[in-house]
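For reference, the chains in residue letters:
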2 protein chains.
Amino acid sequence: MKIGLDAFGSDNAPFPEVEGSVMAIKENICETIYLVGNSEVLTKELSKFVYPKERIVIIHADEVITMDDNASNAARTKQNSSMVKTLQLHKEGSVDAALSMGNTGAVMAASLLTLGRVKNLHRPAIAVTLPTVEGHAIVLDVGANADCKPEYLDHFAIMGYLYARFLFNVENPRVALLNIGEESKKGNELTKKAYTLLEGNKSINFIGNIEGKDVVQGAAEVVICDGFVGNVLLKTVEGVAYAMFTMIKEQVKKDWIAKVGAMLSFPVFRFIKKKMDHSEYGGALLVGLNGVSVVGHGRSNATAIKNAIKFTSRIAKSNLPQQIEKFFTEKVVS
Amino acid sequence: MKIGLDAFGSDNAPFPEVEGSVMAIKENICETIYLVGNSEVLTKELSKFVYPKERIVIIHADEVITMDDNASNAARTKQNSSMVKTLQLHKEGSVDAALSMGNTGAVMAASLLTLGRVKNLHRPAIAVTLPTVEGHAIVLDVGANADCKPEYLDHFAIMGYLYARFLFNVENPRVALLNIGEESKKGNELTKKAYTLLEGNKSINFIGNIEGKDVVQGAAEVVICDGFVGNVLLKTVEGVAYAMFTMIKEQVKKDWIAKVGAMLSFPVFRFIKKKMDHSEYGGALLVGLNGVSVVGHGRSNATAIKNAIKFTSRIAKSNLPQQIEKFFTEKVVS
């Protein structure tokens, strides 16, 4: 498995990208990594590590797409950027998948332009894995489409269903619509219309509406929403988990008995922190493209990048992209 | 202060309503409570408690609005319900505020019909107080308006600003727009247009966009969003806090050292659980009505109802409703 990695995506690029790649190669997560970016900088950084040299290939790219760039403009005009070049490597078949920790909007725009959208599909989406009490749930869209039509949500549901089946091996994944009440008539204009479509969709196992509180309880394996709502959900889960750890830490400091207690319970906190930590989940998959494009968190450290490489490699090994393509190409879809 | 309480709103009604009222009177939270509902049942329930009899008045109502009722239909047709009768008591001036633990949609519809909307205001909203690391934040709308126009959000911002000022005594509350990125150009059609309005609104202290993760960090005292997104946010915060406590409990069970640790840290957990617990926050205020209408959680127990009575009484004592009315009546608002 060959993975293309945009070495200039993360907030501290290229340091975590370089170290994460070395870790991934040493752990045999994939065969070869194509590290894309300024070759001088990358050569210097890589020289600090000991690893099988032939398994990390540097591909030079002059430009960088930053967080301040306008996503679609940058994707079109910065053809020599590390991000676009990584996707081009995938398009031409030199690598089996592309990974970037950069500007999510730009990765989506560049992936669409370079790899193209699956035939008959309304819109690609960004899918993430969220931790739940029971395990995890796939949520989509979490940001590619801030304004959606009901039929987009119907297609997201199909892609989410296939994702849970072919990547997580759930036999008949429960697909739910994120809404503000469980009854079928609840919601805004979008979710009311989407409910009718999902109810009539025989290719999925639609279980109805669920609310924000049910997602982390594990009420469904696949949660469907528009990109605005999904993004708020994702970031709120992240924020509350972080805030609770902060509050526990601050309170524990004030009381030495509680401090001793917290030390004894440390493995529990470590377990839960790990479970709630985005960097353990490897990144978000852009579903509905002709290829594999993964975007990771800008704040990723080397371990998070190693995990993202692992996740990307797992997707490339699975036949999920092919299953999605097959569904929309062969089936008569609305 | 006289509070009207719908005795048949909560999931276990009227038991928590009756006990909560007795607790509130004993703690002198308000002068008199008008308990509205089936007088036979209420008389029997109240007879189980010892309290100053003259301070809880039973007002008979035959009907009950349930969770299965269509909100706006029930508000119009069930004129003899405990919920509508409670609001009528407030309208005619027999009580200073109305409180119900019932169907939120129905409370909103009945409040609008009975009390009426503030002049010149686009739409009333449901405002809640969410816990943050720093203290708390007022979030609105959390469910009254599932589909919003940009100008509604502009009015929500004004009401939220006045809320934080006149109820929580924040001098110049920071008002933020909940969005999927911090930059002004980010968002969906609604938030992009709302941003422009909020930026030009000189009656508030608009600090720009914040993301889901920033809300619980305490980035703003007032958070503006449409009712769909606000409802997802509110329920996700509630769900994640609950899920984390569940996970901690389950992990602690597996390891006796961690169990001892958790026992020693118990005061910390109790503190945080209390901080994250909706029943400590007293309920949601329907802002933008000619009067005071508060809706509490359906799952409320007696203590939660006592807290809700305290909260309702505090609003009635403040001059927040008058300030909101004054603003929209006197100012030339868009």
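Above this note sits the structure.
Let me begin by describing the structure that accompanies this report. (Residues numbered from 1 in each chain as written. Chains lettered and ligands numbered in written order. Predicted model: local features only at pLDDT ≥ 70, side-chain atom pairs only at ≥ 80, totals over all residues. Heavy atoms only, no water.)

One finds Met244 of chain A together with Met244 of chain B to be the most contacted residues of the largest nonpolar core, which totals 108 residues. Once you skip the residues sitting within four places of it in the chain, Met244 of chain A turns out to touch Ala241, Met244, Phe245, Ile272 and Met276 of chain B. (Core = buried A, V, L, I, M, F, W, Y, C linked by side-chain atoms within 4.5 Å. Buried < 20%, exposed > 50% of the residue type's maximum accessible area, 1.4 Å probe, protein only. Contact = heavy atoms within 4.5 Å.)

Our focus in this paragraph is the side chain of Thr236 of chain B. Here Thr236 of chain B lies in helix 9 (residues 227-253). Setting aside residues up to four positions removed in sequence, Thr236 of chain B forms contacts with Gly212, Lys213, Leu233, Thr236 and Val237 of chain A. (Helix = DSSP H or I, 4+ residues; strand = E, 2+ residues; numbered from the N terminus.)

Residue and element names in this part refer to chain A. Ordered in space as 3-2-1-4-11-10-5-6-9-7-8, the 11 strands form an open sheet in which the pairing is mixed. One side of each edge strand has no neighbouring strand; the edge strands of this open sheet are strand 3 (56-60) and strand 8 (205-210). Going from strand to strand, the sheet's axes swing by 25° on average, the running direction of each strand aside. Direction of pairing for strand 7 (residues 174-178) relative to strand 9 (residues 222-224): parallel, over a ladder of three bridges. Residue pairing across strands places Leu177 opposite Ile224, the latter belonging to strand 9. Docked against the sheet, helix 12 (residues 302-317) engages strand 1 (2-6), strand 2 (32-37), strand 4 (97-100), strand 10 (284-287) and strand 11 (293-295), running at close to 155° with respect to strand 4. (Pairing = 2+ DSSP bridges. Axes fitted to C-alpha atoms, helices over the stretch in contact; angles between N-to-C directions.)

Another aspect to go through is helix 6 (residues 150-166) of chain B. For helix 6 of chain B, with 17 residues, the first-to-last C-alpha span of 25 Å sits near the 24 Å given by 1.5 Å per residue. Of all 17 residues that make up helix 6 of chain B, 14 are buried, and the element is covered over most of its length. (Expected span 1.5 Å × (residues − 1).)

Okay, the interface of chain A and chain B next. Buried accessible area, meaning the area lost when the parts come together, often serves as the stated size of an interface. The partner chain B presents 54 residues to the 54 residues of chain A that form the contact. Counting each side, the surface lost to burial between chain A and chain B is near 4,700 Å², with a carbon and sulfur contribution of 77%. Here Glu211 of chain A and Lys235 of chain B are joined by a salt bridge, their closest N and O atoms 2.3 Å apart. Counting across the chain A and chain B interface gives six residue pairs in polar contact (both at pLDDT 80 or more). Every element with two or more residues in the side of chain A that touches chain B is listed here: helix 7 (189-200), helix 8 (212-215), helix 9 (227-253), helix 10 (256-264) and helix 11 (266-276) of chain A. Here the side of chain A that touches chain B takes 21 residues from helix 9 of chain A, the largest share from any one element. Classifying every residue of the side of chain A that touches chain B gives 31 nonpolar, 13 polar and 10 charged. (Buried area = accessible area lost by both parts, 1.4 Å probe. Salt bridge = Lys/Arg side-chain N within 4 Å of Asp/Glu carboxyl O. Polar contact = N/O pair within 3.5 Å; in protein donor to acceptor, adjacent residues only side chain to side chain. Nonpolar A, V, L, I, M, F, W, Y, C, P; charged D, E, K, R; others polar.)

Rotating chain A by 180° about the axis while translating it 0.0 Å along that axis superimposes it on chain B, leaving an RMSD of 0.0 Å. The relationship between the two copies is best expressed as a two-fold rotation axis. The C-alpha atom lying nearest the rotation axis in chain A is that of Gly261 of chain A; the distance is 1.7 Å. Mapped onto chain B, 100% of the interface residues of chain A are again interface residues, and the two copies thus contact each other with one and the same surface. (Least-squares fit on C-alpha atoms with pLDDT ≥ 70 in both.)

Residue and element names in this part refer to chain B. Taken together, the five bridges between strand 7 (residues 174-178) and strand 8 (residues 205-210) define a ladder with parallel strand orientation. Counterpart to Ala176 in the pairing with strand 8 is Gly208. The parallel pair strand 7 and strand 8, bridged by helix 7 (residues 189-200), forms a crossover whose chirality is right-handed. (Right-handed = clockwise from strand over helix to strand, strands pointing away.)

Moving on: the packing of aromatic side chains. A complete count under the given rule lists six aromatic pairs over all chains for this structure. When the centroid spacing of 5.2 Å and the interplanar angle of 70° are considered together, the rings of Phe327 of chain A and Phe328 of chain A count as edge-to-face. Judged by its relative accessible area of 0%, Phe328 of chain A is buried. Between Tyr163 of chain B and Phe168 of chain B, the ring centres sit 5.7 Å apart and the planes meet at 10°, which makes this aromatic pair stacked. In terms of burial, Tyr163 of chain B and Phe168 of chain B fall into one category: buried. (Phe/Tyr/Trp six-rings, centres within 6.5 Å; stacked < 30°, edge-to-face > 60°.)

We now examine the sheet that holds strand 9 (residues 222-224) of chain B. All names here are of chain B. Spatially, 11 strands are ordered 3-2-1-4-11-10-5-6-9-7-8 in an open sheet, and the strand pairing comes out mixed. In this open sheet, the two strands that pair with only one neighbour each are strand 3 (56-60) and strand 8. Here the average twist between neighbouring strands, direction ignored, is 25°. Across three bridges, the pairing between strand 1 (residues 2-6) and strand 4 (residues 97-100) is parallel.

By themselves, these figures tell us nothing about what the structure is for.
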